Amino acid sequence: MTNWHSFYKRPWSERLTILTDNQNLTIDEQQLMQDQYDDIGAQQVENYIYNFGVPTGLLLQLPVDGQEFIVPMTTEEPSVIAAANNGARMMRQGSGVKTKRREHLMRGQIMLVNLSDMAKLQQFIQNQELQLLQIANDAHPSMAARGGGAKQLTIDVLDENTAAVNVLIDTKEAMGANTVNTMAEAVATQLRQQGYQVLMAILSNYGTEALVEAEVAIPVTALATKQGVSGQTIAEKIALASHLEELSPHRAVTSNKGILNGIEAVVLASGNDTRAVNAALHAYAAHTGQYSGLISWQVEHDQLVGRTVMPMSIGVVGGSIGIVPAVKLNHHIMGNPSAEQLAGIIIATGLAQNLAALRALVSTGIQAGHMALQAKSLAIQVGAMNDEVEQLVAQLNQTNQINAAMARQLLQKMRD
Ligand code: NDP
């Protein structure tokens with residue numbers, strides 16, 4: 001066995017040799033890593049070996065704030081992009097999605113422990129707010145120069161000896177994690193000099209100061225199914241399904257996962273941090289104390305109306321956005337939106353995804369559409385070649401058994 005010691009310092013070719021020897025990789029597996037090598041990827045992460053490709057497809061004509069956007073979605077799950085397009089099609093029959101960003105501040109938390117006099121801390125922060133904000137801004141002056149920067153200080157008393165001092169920062173077109181951490185650490189240094197015990201200074205991903213409201217109204221007629229169920233009936237069932245998400249966290253988590261199918265695909269394609277968005281959305285889903293669905297649907301007159309409020313801390317500069325060519329391409333495809341527009345696009349994608357999923361669930365069930373798309377994955381999985389896939393998928397869809405055994409059997413028959 002070869003030693004893994006200092007793997008991160010080795011040139012890429014040596015890393016492949018070590019990996020191949022230790023894990024007995026085949027020639028094909030080695031070739032895959034060679035083919036998927038990327039210079040930029042090699043600079044992005046530690047112990048780099050190859051780039052993992054995830055398919056990217058388009059969500060077409062997503063109606064947001066009076067414009068229609070072409071939106072790249074990056075995901076491995078077969079039904080996601082089809083469902084988002086289906087949702088967007090229904091949304092285009094109404095007035096489209098309207099969004100409103102309430103504010104856009106990121107929060108840096110400086111966690112103070114072993115406090116002996118909470119009132120004294122509160123007084124100190126109140127008296128020193130301007131000076132501390134100046135210290136924060138001096139740590140990254142260009143952010144204030146573009147009209148952003150540290151704007152406000154607040155305190156959360158966590159227990160009698162513990163508090164979080166919050167620096168609220170406008171990071172403009174960036175998500176701002178690094179800016180926030182730099183500013184929070186600068187304020188932490190000052191607080192330490194004043195004798196406070198700082199356990200840590202770090203941004204919070206719970207974007208309660210970065211909330212975006214969105215609303216979409218769809219004429220119920222747009223929801224009618226091919227099987228002859230009226231749009232009014234579907235709309236009422238969707239509203240009922242939405243109510244169930246307030247009663248059952250088990251149902252709400254699954255619905256929110258579906259919303260995130262769309263949201264994460266756009267967040268990833270746009271070079272933003274999927275984990276940050278995901279963590280914030282799940283936390284916000286429980287902000288009332290009861291975990292529930294992120295989107296609510298109601299029937300109002302002859303329309304189905306979807307409403308949501310979501311924290312959305314994303315950027316159009318920074319992180320991998322300026323570095324990765326595919327991300328730059330994706331921003332170009334969307335028309336190079338601002339951070340505020342991109343937040344709207346992401347949330348509108350979530351609305352489209354949720355609408356399509358709920359409509360399927362309350363009518364034909366989710367499996368009909370899923371399994372039709374799953375058939376393609378199964379065909380590839382059992383070894384169908386490019387020119388065989390279409391025929392095998394058609395045959396599989398005619399059976400009521402869309403599974404690997406059936407796919408294998410049909411492929412064998414096709415080849416005999
Ligand atoms: P960067 O550190 O790349 O910062 C973005 C920079 O872009 C700004 O600091 C600014 O630098 C520059 N910039 C140029 N034009 C603008 C503009 N119009 N508005 C704002 N900034 C502009 O990225 P972020 O600070 O946004 O951090 C995001 C990254 O941090 C992501 O990769 C994320 O995964 C990662 N991260 C996430 C954490 C978390 O979520 N908990 C923790 C740590 C990292 P200048 O002012 O010098 O021009």
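In this text the structure is predicted, and so the values were computed from the model without any measurement.

Chemist: Would you mind showing me how to read the sheet that holds strand S4 (residues 106–113) here?
Modeler: What links the strands of a sheet is backbone hydrogen bonding, and the strands pair in either a parallel or an antiparallel sense. Strand order in this open sheet of four strands is S5-S6-S4-S7, and the pairing throughout is antiparallel. Here the strands that pair on one side only, and so sit at the sheet edges, are strand S5 (149–159) and strand S7 (197–204). Between one strand axis and the next, the sheet turns by 20° as a mean value, whatever way the strands run. Strands in contact with helix H7 (residues 177–193) are S4, S5, strand S6 (162–170) and S7; relative to S7, the strand with the most contacts, it is inclined by about 160°.

Chemist: Whenever I open this one, the packing of helix H1 (residues 12–23) against helix H2 (residues 27–35) confuses me. Can you help?
Modeler: In helix packing, the relevant descriptors are the interaxial angle and the interaxial distance, both defined with respect to the helix axes. Two elements in contact, H1 and H2, have axes whose closest approach is 11 Å; the angle formed by their N-to-C orientations is 155°. Considered as vectors, H1 and H2 are oriented roughly antiparallel to each other. Seen along the crossing, H1 lies across H2 with a hand that is right-handed. Facing Trp12, Leu16, Leu19 and Thr20 of H1, the residues of H2 in contact are Gln30, Met33 and Gln34.

Chemist: Hey, could you run me through the packing of aromatic side chains in this one?
Modeler: Note on aromatic pairs: each is described by the distance of the centres and the angle between the planes. The full count for this structure, using the stated rule, is four aromatic pairs. Put simply, the rings of Trp12, Tyr37 and Tyr48 pair up and form one aromatic cluster. The ring of phenylalanine 7 has arginine 15 lying over it, and the distance from NZ or CZ to the ring centre is 5.9 Å.

Chemist: Would you mind showing me how to read a nonpolar patch on the surface here?
Modeler: A surface patch of nonpolar side chains, amounting to about 320 Å² of accessible area, comprises Leu58, Leu60, Leu329 and Ile333. Secondary structure elements with two or more residues in the nonpolar patch: strand S1 (56–64) and helix H11 (325–333). Among the secondary structure elements, leucine 60 is positioned in strand S1.

Chemist: Would you explain unusual backbone geometry in this entry?
Modeler: With the exception of glycine, most residues fall at negative phi, and the peptide bonds are largely trans. Its identity is not glycine, yet serine 6 carries a phi of approximately 55°, on the positive side. Counting through the fold element by element, serine 6 comes out in the segment before H1. In this structure, asparagine 47 is a non-glycine residue whose phi angle is positive, near 55°. A relative accessible area of 36% means that asparagine 47 is categorised as partly exposed.

Chemist: What is the right way to read the pairing of strand S8 (residues 211–219) from this model?
Modeler: Within a regular beta strand, the side chains point alternately toward one face of the sheet and then the other, so they alternate between its two faces. Of the pairings in the sheet, the one linking strand S3 (residues 97–101) to S8 comprises five bridges and is antiparallel in character. Looking at S8, one finds that lysine 98 is bridged to glutamate 215. Pairing between S8 and strand S10 (residues 303–311): nine bridges, direction antiparallel. Directly across from glutamate 215, in S10, lies its bridge partner arginine 307.

Chemist: It is not clear to me how the confidence of the model for the protein chain should be interpreted in this structure. Could you clarify?
Modeler: Detailed reading of the predicted coordinates is not advisable wherever pLDDT is low. Here the protein chain shows a mean pLDDT of 95. Residues at 70 or above account for 99%. Two numbers describe this predicted complex: its pTM, 0.92, and its ipTM, 0.96.

Chemist: I'm lost on the site of the ligand in this one. Help?
Modeler: As a structural note, the neighbourhood of the ligand is formed by 20 residues, with His140, Ser142, Arg146, Gly176 and Asp273 the closest of them. In the environment of the ligand, an oxygen atom lies 2.8 Å from a nitrogen or oxygen atom belonging to the side chain of histidine 140. Contact with the protein chains removes 67% of the 940 Å² of surface that the ligand exposes when unbound. Secondary-structure elements contributing two or more residues to the shell around the ligand are helix H6 (141–145) and H7.

Parameters at a glance
Residues numbered from 1 in each chain as written. Predicted model: local features only at pLDDT ≥ 70, side-chain atom pairs only at ≥ 80, totals over all residues. Heavy atoms only, no water. Pairing = 2+ DSSP bridges. Helix = DSSP H or I, 4+ residues; strand = E, 2+ residues; numbered from the N terminus. Axes fitted to C-alpha atoms, helices over the stretch in contact; angles between N-to-C directions. Contact = heavy atoms within 4.5 Å. Parallel < 35°, antiparallel > 145°, perpendicular 65-115°, else oblique. Left-handed = near helix turned anticlockwise from the far one by under 90°. Phe/Tyr/Trp six-rings, centres within 6.5 Å; stacked < 30°, edge-to-face > 60°. Lys NZ or Arg CZ within 6 Å of the ring centre and 35° of its normal. Patch = residues over 30% accessible without salt bridge, like charges linked within 9 Å, V, L, I, M, F, W, Y side chains within 5 Å. Areas by Shrake-Rupley, 256 points an atom, 1.4 Å probe, with all protein chains shown as cover. Salt bridge = Lys/Arg side-chain N within 4 Å of Asp/Glu carboxyl O. Buried < 20%, exposed > 50% of the residue type's maximum accessible area, 1.4 Å probe, protein only. pLDDT = per-residue confidence, 0-100. Near = heavy atom within 4 Å. Polar contact = N/O pair within 3.5 Å; in protein donor to acceptor, adjacent residues only side chain to side chain.

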